[in-house]
Amino acid sequence: MIPSIEDIFHSLSRGEMTFSDAEMYVREHIRLAANSEIKLRDPFAGQALQGMLSRGDSARFTFSELAEIAYRMADTMLAERGE
């Protein structure tokens, strides 16, 4: 699985990833988007996470907990859509 754009950015900023590797991952994101292979789960989870962060929930949870909650919300949204 390729890292998220946010993970790529953070890895680059911490010096944990080379620019060449980051470029390869970003190109893969672009290829997937162009081929419509990106599932709705990630964007739904991103929107859920954004909503939680805007309400200040990030202070109450660890990053792992926030991600888990966001993906549970995304899974619920997908279930409601019938996917």
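Anything mentioned here points back to the structure above.
Rules and cut-offs
Residues numbered from 1 in each chain as written. Predicted model: local features only at pLDDT ≥ 70, side-chain atom pairs only at ≥ 80, totals over all residues. Heavy atoms only, no water. Salt bridge = Lys/Arg side-chain N within 4 Å of Asp/Glu carboxyl O. Buried < 20%, exposed > 50% of the residue type's maximum accessible area, 1.4 Å probe, protein only. Helix = DSSP H or I, 4+ residues; strand = E, 2+ residues; numbered from the N terminus. Patch = residues over 30% accessible without salt bridge, like charges linked within 9 Å, V, L, I, M, F, W, Y side chains within 5 Å. Areas by Shrake-Rupley, 256 points an atom, 1.4 Å probe, with all protein chains shown as cover.

1. Considering the pattern of salt bridges
Using the criterion set out here, one finds 4 salt bridges in the structure. One salt bridge in this structure joins Arg14 and Glu16, with 3.1 Å as the shortest N-O distance. Summarising the burial analysis for this pair, Arg14 and Glu16 share the class exposed. Salt-bridge contacts for Arg27 lead to Glu23; the nearest nitrogen and oxygen are separated by 3.0 Å. With Arg27 and Glu23 both in helix 2 (residues 19-34) and 4 residues apart, this pair spans about one turn of that helix. Judged by relative accessible area, which is 33%, Glu23 ranks as partly exposed.

2. As for a nonpolar patch on the surface
On the surface, Ile5, Val26 and Ile30 cluster together into a nonpolar patch covering about 250 Å² of accessible area. Of note, Val26 is situated in helix 2. By relative accessible area, which is 32% here, Val26 ends up partly exposed.

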